[in-house]
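Chain and residue survey
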Amino acid sequence: MKPRVGVVQFPGSNCEQDCVRAFRSLGAEVEMIWHAEEHLPEVDLVVLPGGFAHGDYLRTGALARFSPIMAAVEAHAAAGGLLLGICNGFQILCEAGLLPGALRKNAGLKFICAWTELRVDNVDTPYTGRATPGQVLKIPINHFEGNWYADDATKDRMVANGQIVLRYVDNPNGSLVDAAGISNGSGNVLGLMPHPERACEALLGSEDGKVILGSVLDLIGRSPRRPASELKAVSGLESAT
Amino acid sequence: MKTVHRELGLTDAEFDQIVARLGREPSYTELAMFSVMWSEHCSYKSSRNHLKNLPTEGDRILVGPGEGAGIIEVAPGLAVAWKIESHNHPSFVEPFNGAATGIGGIVRDILSMGARPIALLDSLRFGPPDDPRTRFLIDGVVHGISSYGNSIGVPTVGGEMVFEDCYAENPLVNVACLGVIEHRLMHGRGEGQGNAAILFGSSTGRDGIGGASVLASAEFDDGSLDKRPSVQVGDPFTEKLLIEASLELIRKDLVVGFQDLGAGGISCPTCEMTSKAGTGIELELGSVHLREPDMEPFEVMISESQERMLAVVEQERVDEVVAVCSKWGLEARVIGRITDTGKVQVRSGGEMIVDVSADALAEEGPVYDRPYERPRWIDELQGSDPGAAPPADLKEAFLSVLSSPRVASKRWVWSQYDHMIFLGTIEGPGSDAAVIRLPDRKEAVAITTDGNGRYCYLDPYEGARLSVAEAARNVACTGARPAAVTNCLNFGNPEKPGVMWQFAEAVRGIGAACAALGTPVTGGNVSFYNETNGRAIYPTPVIGTLGILEDASAAVPMCWAEPGHDVVLLGTTSPGDLGGSEYAKVINGTVGGLPPELDIEAERMLIETLVEVAPLVSSAHDPADGGLAISLAESAIAGGIGVRVDDLGRDDLHLMLFSETPSRAVVTCPPGLLKAVLAVARMHGTPARRIGETGGDDIVLGTLSVALQEARGRHDDGLTKHLSATLV
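Residues numbered from 1 in each chain as written. Chains lettered and ligands numbered in written order. Predicted model: local features only at pLDDT ≥ 70, side-chain atom pairs only at ≥ 80, totals over all residues. Heavy atoms only, no water.

Some details on the overall build of chain B
Spelled out, the test is: Numbering goes from the N terminus for both helices and strands, where a helix is a DSSP run of H or I of at least four residues and a strand is a run of E of at least two. Computation of the radius of gyration draws on C-alpha atoms alone. For the globule rule, the value is 2.2 Å times the number of residues to the power 0.38. Partly exposed describes any residue whose relative accessible area lies between the buried limit of under 20% and the exposed limit of over 50%, with all areas from a 1.4 Å probe on protein chains only and scaled to the type maximum. Positive charges are assigned to Lys and Arg, negative charges to Asp and Glu, while His and the chain termini are left out of the count. Taken as the charge location is NZ of Lys, CZ of Arg, CG of Asp or CD of Glu.
Scanning chain B from N- to C-terminus turns up 26 helices and 28 strands. Its C-alpha radius of gyration of 26 Å places chain B within 12% of the 27 Å reference for a compact globule of 728 residues. For chain B, the spread of C-alpha atoms along the principal axes amounts to about 85 × 55 × 50 Å. The buried share of chain B, taken over its 728 residues, is 66%. Between the averaged position of the 60 positive side-chain charges in chain B and that of its 100 negative side-chain charges there is a distance of 2 Å.

Right under this line is the structure:
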């Protein structure tokens, strides 16, 4: 049975079609979920894609967290369901309190679209099973607000827990501890600023995005399918976020 | 009444023509509508007589000039939309919103054809980059493009950035957009008596009143910055919703026709759509949703508020259309009905305030056969020193040209643009042409914009031909076959015979070159009155060429792939081609003499050679600004591999290195394929010879030797060193 992926489309999302194409090319069954829905369909993985949800007005992700679908997304995550936020999706996860910290404007106060190198610092997550420890991935970034920040206590705890999953080799935006991708305490929620869906084809410059997207599909393929509603909340989730 | 029309930009003769056509004096609202529809910007009254001579037909051209965008068939059942527009004046007055709404406007042009916008190119021209006001303009324009383009999710994949003194007080912001027809081709026709006219998208406000007439169709002077209220304000979020809603309406077959609202506001699509269809329209102004209360009827009719579309819809589909718009959070209101009167009739508060023929507004504007005359100064200019004198130090000259703002890396600019979204950017910014794979297809198109105001200043006919040739060559370097051209013609005041001569000559040149290269003109835009305080810009036709590549994976890059590859020069260098060159300007401070002479037949054969040789070569790049030396350096820097070229001919080295002879390209290939490459060239009669080899850590051109690292450093910071610390 194919892994089932749901990509949430907010008004102003713009990477949703790219996510659909990338996951389909990796063998997943993908459907789009409109932000105004109140229930998630039966999916193994929920993706919040990049873009400018609700125009990013007020603050990036600040309005999107109030979209009707977000209650169901939060429940899915709380039950241990897999949840991936890419770029604007990562910003929404921080605003929703599903991931710690906040994303500030880039240190250079400019939008940056560029290839970056990321080091995988934790291979024991649902999103990095295909990676070797310390493996460097070539994946592009495309954002104005990707400068991750958290208070010292939170940052230290996250570093100790291995929640700083991906780090920039050459920090492009001033992100604390070079963080490019972080997870919650139980690891089922990952947010990252780089766009793995843009790096799944040699013709586009890199296939390293498959390490991340493929890892989570591998995991889904290995585990017996359980409806999201049956997934048990993982202990430590609350304290970690 | 006699003076009001002048304030609106109409001449006394034009006013008399309106009175004669109506058989009465126009109402103020009618006059306002005529002023925008008969403006230079909307009516092409000075350019029409010349533009009609351009070649516009070809096997692949499904829609030519006159619609929202040209439509080109890529493969059976697969078509793309392609168009360029200028937003020069707004960008000078208010650079951020001027550039942003320039993007918004061209994107809606593409959308109005039923195409999803999938790529943007920006062709920008500014004054010297160390001038404070220019820096402000650059920062605003780049930020405006970045903010708007990134947000609507359309990649900005290339373009140009050129610096000349003549653009200091009249920058050029030309934006080209590529779209792909998703469901079916739409036409902007208001068919079907009784059908509803639905205005959807943003509300109508007081922004952009008179943008087409007061701003775009007049010269500037010192007071022009007071025209800021005529600049529109963009909202990219609403534009994104407008794109998705419009495409959903087409996908669900809910609309008969639609057109975007740009210059001229509501006046424009209402008269154009009905004029094309031979119908009429009745509007109720009270139904337009306004941004602020108490707007005057004329303001509602000509407001250029952004992010709006007008759809013509069968009555029984109205609810469904409103539902789709409302899903996307967009207001949609029926503001009128299609009639059979041939008229645009507008009611406000029960009173008929506009009652005019749609044809009179859309089609019967004045056409001027403006007098033109070759200016006397041109002889002196062409007879002046082209600036070919040798440099004091060849290496320093090479590095100076390589790091001139015009030649230097534009990474600072394009790294602020999303150039990757849609997973189609096979070759992006910094390439000769961007190669865009079409969504879920193997086919790609190569697109580029090229213009050379300096050449056109020296000789507008030859300069225009050279621009067409360069754009076609850039596309062919990627392996794509040039198929169609869109053009943006930026000139001074057409009421001056010298400017009109430049325009006539340039259009004649474009026509001749496009006909010879088999690339019809599918539309474009004319921007006159690019003058401030009486000083005109260089005549600057910008050519947007689109080429077709059957297999995206076969695209040829411009960078060296590997050391040890043979470097082959296609074409021949004429050592005297330095008139208007980057070398002459940077090293000798001169713009004079004659531009290089173009042999269009040689160009055509070179293009055939490039297309055919594509499967054999590892890179291709044409020598343009800065000549062969810069072309070789750019490929070396981009590939991170040095080069050794020994065979540069017997003339003075600086002439061979910096001459800008057209109809040349540098290709590389593995040694085993050299014979095959030379054979293809010979078959097409294109001169070809091996001039060197890739490899090493230096760029060695005859007796000139520069470390690759040093060259890269100068190329990388050539532009940014001119911009202030706060910008970098």
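Additional details are given in the paragraphs that follow.
What about the packing of helix α19 (residues 460-477) of chain B against helix α20 (residues 497-517) of chain B?
Residues and elements named next belong to chain B. Rules: Lines fitted to C-alpha atoms define the axes, with helix axes restricted to the stretch in contact, and inter-axis angles between N-to-C directions lie between 0 and 180 degrees. Here is the rule for handedness: rotate from the far helix to the near one, and if that takes an anticlockwise turn smaller than a right angle the crossing is left-handed, while a clockwise turn gives right-handed. Residues are treated as being in contact if the distance between any of their heavy atoms lies within 4.5 Å. Three residue categories are used. Nonpolar comprises Ala, Val, Leu, Ile, Met, Phe, Trp, Tyr, Cys and Pro, charged comprises Asp, Glu, Lys and Arg, and polar comprises the others, including Gly.
It is the contact of α19 with α20, at a shortest axis distance of 7 Å, that shows an interaxial angle of 40°. Note on packing geometry: the crossing formed by α19 with α20 is right-handed. Only W501, Q502, E505, A506, R508, G509, I510, A512, A513, C514 and L517 of α20 make contact with α19, whose side of the interface consists of P460, Y461, A464, R465, V468, A469 and A472. Partitioning the contact of α19 with α20 into residue classes produces 13 nonpolar, two polar and three charged.

Notes on the environment of B:R376
All names here are of chain B. Within the secondary structure, R376 is located in the loop between α14 (358-362) and α15 (377-383). Residue R376 is classed as exposed on the basis of its relative accessible area, which comes to 77%. A C-alpha to C-alpha distance of 31 Å links R376 and T486, two positions 110 residues apart in sequence.

Points about the interface of chain B and chain A
This is how it is decided: By buried area we mean how much accessible surface two parts lose on assembly, using a 1.4 Å probe and totalling the loss over both. Think of a salt bridge as a Lys or Arg side-chain nitrogen and an Asp or Glu carboxyl oxygen that are within 4 Å of each other.
Counting residues at the interface gives 33 residues for chain B and 27 residues for chain A. Summed over both sides, the interface of chain B with chain A buries roughly 2400 Å², with 60% coming from carbon and sulfur. The interface formed by chain B and chain A contains three salt bridges. In this structure, A:E201 and B:R437 form a salt bridge, with 2.5 Å as the shortest nitrogen-oxygen distance. The leading source of residues in the side of chain B that touches chain A is helix α8 (residues 132-152) of chain B, at five residues.

Remarks on the sheet that holds strand β4 (residues 82-86) of chain A
Residues and elements named next belong to chain A. Short version of the rule: Pairing between two strands requires that DSSP report at least two bridges joining them.
Here we have nine strands laid out as an open sheet, ordered β2-β1-β3-β4-β11-β10-β9-β6-β7, and mixed in their pairing. What marks the edges here is a single partner per strand, and that holds for β2 (29-34) and β7 (136-143). Direction aside, neighbouring strands of the sheet carry axes that sit 25° apart on average. Bridge analysis of strand β3 (residues 45-48) against β4 gives four bridges, and the strand direction is parallel. When the sheet's bridge partners are listed, V46 is paired in β4 with L83.

What about the sheet that holds strand β7 (residues 196-201) of chain B?
All names here are of chain B. Strand order across the open sheet formed by seven strands is β8-β10-β7-β11-β9-β12-β13, with mixed pairing between neighbours. Each edge of the sheet is formed by a strand with only one pairing partner; in this case those strands are β8 (257-260) and β13 (351-357). Here the strands of the sheet are splayed against their neighbours by 20° on average, with no regard to which way each runs. As paired elements, strand β12 (residues 343-348) and β13 share six bridges and run antiparallel to each other. When the bridges of β13 are listed, V346 appears paired with V354.

Side note on the nonpolar core
Residue and element names in this part refer to chain A. How we decide: Definition of nonpolar core: a set of buried residues of the types Ala, Val, Leu, Ile, Met, Phe, Trp, Tyr and Cys, connected through side-chain atoms within 4.5 Å.
The biggest cluster of nonpolar side chains holds 65 residues, and the ones touching the most others in it are F23, L45 and L84. Among the elements that take part in this core, helix α5 (residues 209-222) stands out by supplying six residues, more than any other. If we ignore the near neighbours within four places in the chain, the residues touching L45 are R4, V5, G6, F23, L82, L83, L84, Y127, V216 and I220.

Some thoughts on helix α10 (residues 236-251) of chain B
Residue and element names in this part refer to chain B. Note the cut-off: Multiply 1.5 Å by the residue count of a helix minus one, and that product is the helix's expected span.
The terminal C-alpha atoms of α10, which comprises 16 residues, lie 22 Å apart, in line with the 22 Å expected from a rise of 1.5 Å per residue. Within α10, 15 of the 16 residues are buried, leaving the element largely enclosed by the surrounding structure. In the stretch just after α10, D253 is the one whose phi turns positive, near 55°.

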